[in-house]
Amino acid sequence: MSLEYRLVAFLALAMSLLYMDSRYEYLDRVRYSVAYLTTPVYWLADIPTRMSFWIDDVFVSQRDLLEENTQLRQQLLFAQRELQLLAGLASENSRLRELQEASQAVQGRVMTAEIINVSNDPGSRRVLINRGAQNGVIEGQAMLDAHGLMGQVEEVLPFTSWVLLITDSRHGTPVQVNRNGERTIARGSRGDAPGLELEFVPDTADISVGDLLVSSGLGQRFPKDYPVAEVTSIIHDPGQPFAQIRARPLAQMDRTRHVMLVIPDDEAIVGPPMIFDATTDVVENVPVTNLPEDFSPAAAESQPAPAPNPAAGSAAQETAGGIQ
Amino acid sequence: MIPKANAIWVILLSFLVAYLLAIVPFPEWAMHYRPQWVMLVLIYWVMALPYRVGIGSAWMAGIFTDILEGSMLGIHAFTFAILAYITLSLHQRVRLFSSWQQSGIILALVGLVMTATYWIKVITGETAQEGMFFLLGALSSAFVWPWLFLLLRQLRRSFDVH
């Protein structure tokens, strides 16, 4: 009979922990300190991945390296050219904003990080990154990869942090359609396939398949205008009050390892080119005039400079295809 | 008569390996098929050494799972305590079962505990996921059980853990 008593005692203990953890905040400190214990476990679990990266690095042929190098050089060239255009656009934009006396909301500094683990709970989509309180990560920071918005920091531990992905069923991202500014909320899919669903969009809303969704900056969590997702399907069911719209996140949720954390910074200026500082792993804004020689965009020489308008991006890509 | 406890490190090490296997990254599509290693190791030790590994140890293992996963403290402690209780009350019968019969018990037990964990997560708002595909994890747990059982028994005998 003592077995039942012990069971009840431990269940009661677990329930009171659950209650305390959901109501009060002081268990967060316990969790924070215990993370010193769990970080080594995650470090151990990450060894196979690091090994495979190391093997990839060591056993790579010179030809592959050269090929990759050429490709990267070309990509850098085109990226630099777009940056050049961006600098012009940015100054124009800030002048316009000054005219309107609007605040400048675009943030420029980011911190690089690596995803070292994925939550093993199929009910939630979260990842662990190798930056924590020691690196200056704060709760609510937005995380990006090279293609789009990924998520936000949910829990900061000493050397690591948990990031809630935008595809989590509990997560809602305020977005707007890039084409016409239609605002909505993209919620993580509740089904088994990872994706996004647009909530409470009336059947008459002007959204079509292929539309780009960018973060709207409402809710003050995510920086404005980062690409989030692409609309993949729209179902108008007369029996439903709202349209069922699904979207595919642009960030490579389950493939990428290298990510960026946006550093909230009120004084950040709109849009000047950034430079990567390898010692601190922080990408900094630098004034255009201070760019080192290597960064001087050589792309401009080989190409006619198109007018700085939004269509320039696609034009640049077409030229890129032509050259390759 | 309760024999003197020894070789606690074998038990701790097996749990450490289980935790590692539980968090080693899997590709997205294989996520649901991950066996519940910690539960399996826990069931084994409760069955083999019921006088040493019981509800209290299960509760601790659950707390560590909660901390490792970053989920709300107490969720896994709650369900693991239930798991240990059921295993304790069944262990004398299950020990006599053949290995595929044991697998059936494992399927039911792990499935039950995973469902309970899911319910608590829904109630506390930890997840809003729909669908019961996570139960595939119980299936794969039942599948790996016979081998895990042999391995752990070998380990226990060679280090004479009692």
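Residues numbered from 1 in each chain as written. Chains lettered and ligands numbered in written order. Predicted model: local features only at pLDDT ≥ 70, side-chain atom pairs only at ≥ 80, totals over all residues. Heavy atoms only, no water.

Engineer: Go over the overall build of chain B, please, and point to the residues and values.
Structural biologist: The helix and strand tally for chain B stands at six helices and zero strands. Moving toward the C terminus, one meets the helices and strands of chain B in the order α-α-α-α-α-α. Here the C-alpha atoms of chain B give a radius of gyration of 15 Å, agreeing with the 15 Å that 2.2 N^0.38 yields for 162 residues. In terms of overall dimensions, chain B has a C-alpha envelope of 50 × 30 × 30 Å along the principal axes. Each of the 162 residues in chain B was classed as buried or not, and the buried ones make up 56%. Within the structure as shown, chain B displays about 7,400 Å² of accessible surface, and the carbon and sulfur contribution to it stands at 73%. Across chain B, the mean location of the 9 positive side-chain charges is 20 Å away from that of the 6 negative side-chain charges. (Helix = DSSP H or I, 4+ residues; strand = E, 2+ residues; numbered from the N terminus. Rg over C-alpha atoms; globule rule 2.2 N^0.38 Å. Buried < 20%, exposed > 50% of the residue type's maximum accessible area, 1.4 Å probe, protein only. Areas by Shrake-Rupley, 256 points an atom, 1.4 Å probe, with all protein chains shown as cover. Lys, Arg positive; Asp, Glu negative; His and termini not counted. Charge placed at Lys NZ, Arg CZ, Asp CG, Glu CD.)

Engineer: Lay out the sheet that holds strand 8 (residues 196-201) of chain A in plain terms, naming residues and giving numbers.
Structural biologist: All names here are of chain A. Taken in spatial order, the six strands close into a barrel running 6-7-8-11-10-9, and their pairing is antiparallel. In this sheet, adjacent strand axes meet at a mean angle of 40° when their direction is disregarded. One ladder, built from three bridges, connects strand 9 (residues 212-215) with strand 10 (residues 227-235); its direction is antiparallel. Within the sheet, the bridge partner assigned to Val 214 lies in strand 10 and is Pro 227. (Pairing = 2+ DSSP bridges. Axes fitted to C-alpha atoms, helices over the stretch in contact; angles between N-to-C directions.)

Engineer: Kindly report on the packing of helix 2 (residues 37-48) of chain B against helix 4 (residues 75-94) of chain B, identifying the contributing residues and their values.
Structural biologist: Residue and element names in this part refer to chain B. Two elements in contact, helix 2 and helix 4, have axes separated by 9 Å at closest approach and are oriented at 45°. With respect to each other, helix 2 and helix 4 are oriented oblique. Crossing hand, helix 2 versus helix 4: right-handed. Contact residues: helix 2 offers Val 38, Met 39, Leu 42, Ile 43, Val 46 and Met 47, while helix 4 offers Phe 80, Leu 83, Ala 84, Thr 87, Leu 88, His 91 and Val 94. Taken together, the residues of the contact of helix 2 with helix 4 sort by class into eleven nonpolar, two polar and no charged. (Parallel < 35°, antiparallel > 145°, perpendicular 65-115°, else oblique. Left-handed = near helix turned anticlockwise from the far one by under 90°. Contact = heavy atoms within 4.5 Å. Nonpolar A, V, L, I, M, F, W, Y, C, P; charged D, E, K, R; others polar.)

Engineer: Go over empty space enclosed by the protein with me, naming the residues and quoting the values.
Structural biologist: Unoccupied space between atoms shows up once a probe the size of one water molecule is rolled over them. Within the structure shown, the criterion is met by five cavities of 30 Å³ or more. Its boundaries defined by the atoms lining it, the largest cavity holds a volume of some 360 Å³. As for the largest cavity, its lining consists of 25 residues, of which A:Asp121, A:Pro122, B:Gln36, B:His76 and B:Met114 are closest to the centre. Those elements giving two or more residues to the lining of the largest cavity turn out to be helix 2, helix 3 (55-69), helix 4 and helix 5 (99-124) of chain B. A total of four residues in the lining of the largest cavity trace back to one element, the largest contributor, which is helix 5 of chain B. For the lining of the largest cavity, the per-class residue count stands at ten nonpolar, ten polar and five charged. (1 Å grid on protein atoms, 1.4 Å probe; cavity = no way out; pocket = protein on both sides within 12 Å on 5 of 7 lines; lining within 4 Å. Points joined across faces, edges and corners; volume = space filled by probe spheres on them.)

Engineer: Lay out the packing of aromatic side chains with the relevant residues and their values.
Structural biologist: For the structure shown, the criterion picks out 13 aromatic pairs over all chains. Geometrically, the ring pair formed by A:Phe10 and B:Trp59 is tilted, given 5.9 Å between the ring centres and 40° between the ring planes. Of this pair, A:Phe10 sits in helix 1 (residues 2-23) while B:Trp59 is found in helix 3, placing the two residues in two different chains. The class for A:Phe10 is partly exposed, based on a relative accessible area of 21%. Measuring from ring centre to ring centre gives 5.4 Å for A:Phe200 and A:Phe242, while their planes differ by 70°; the resulting arrangement is edge-to-face. Here A:Phe200, found in strand 8, pairs with A:Phe242, found in the loop between strand 10 and strand 11 (243-249); they are 42 residues apart in sequence, far enough to count as distant. Residue A:Phe242 is classed as partly exposed on the basis of its relative accessible area, which comes to 33%. Through a chain of ring-to-ring contacts, three or more aromatic side chains come together here, namely B:Tyr44, B:Trp45, B:Trp145 and B:Phe149. Note that A:Arg126 overlies the ring of A:Trp162, its terminal NZ or CZ placed 4.6 Å from the centroid. (Phe/Tyr/Trp six-rings, centres within 6.5 Å; stacked < 30°, edge-to-face > 60°. Lys NZ or Arg CZ within 6 Å of the ring centre and 35° of its normal.)

Engineer: Describe in detail the environment of B:Leu152, supporting the description with residues and values.
Structural biologist: Residues and elements named next belong to chain B. Looking at where Leu 152 falls in the secondary structure, it is placed in helix 6 (residues 136-158). Between the alpha carbons of Leu 152 and Val 10 there is a distance of 9.7 Å; along the sequence they are 142 residues apart. In contact with Leu 152, not counting residues within four places along its chain, are Ser 14, Val 41, Tyr 44 and Trp 45.

Engineer: If you had to explain the layout of surface pockets to someone new, which residues and values would you point to?
Structural biologist: Empty space within the second largest pocket amounts to approximately 810 Å³. As for the second largest pocket, its lining consists of 35 residues, and the residues nearest its centre are A:Val118, A:Met253, A:Asp254, A:Arg255 and B:Glu28. If you list the elements that add at least two residues to the lining of the second largest pocket, you get helix 3 (47-58), strand 1 (110-118), strand 2 (126-129) and strand 11 of chain A. Counting residues per element, the lining of the second largest pocket draws most heavily on strand 1 of chain A, which supplies four residues. Of the residues belonging to the lining of the second largest pocket, the class tally is 17 nonpolar, nine polar and nine charged.

Engineer: Would you mind going over helix 6 of chain B in detail, with residue names and values included?
Structural biologist: Residue and element names in this part refer to chain B. A rise of 1.5 Å per residue sets the reference length of helix 6, with its 23 residues, at 33 Å; its end C-alpha atoms lie 33 Å apart and thus fit the reference within 8%. Of all the bends in helix 6, the largest measures some 45° and sits at Trp 145, one to four residues before the proline Pro 146. All of the buried residues in helix 6 are Gly 137, Ala 138, Ser 140, Ser 141, Ala 142, Val 144, Trp 145, Pro 146, Leu 148, Phe 149 and Leu 152. On its buried face, helix 6 is in contact with helix 1 (8-23), helix 2 and helix 5. Note on helix 6: the residue one or two positions beyond its end, Asp 160, has a positive phi of about 55°. (Expected span 1.5 Å × (residues − 1). Bend = angle between axes of the 7 residues up to and from the residue.)

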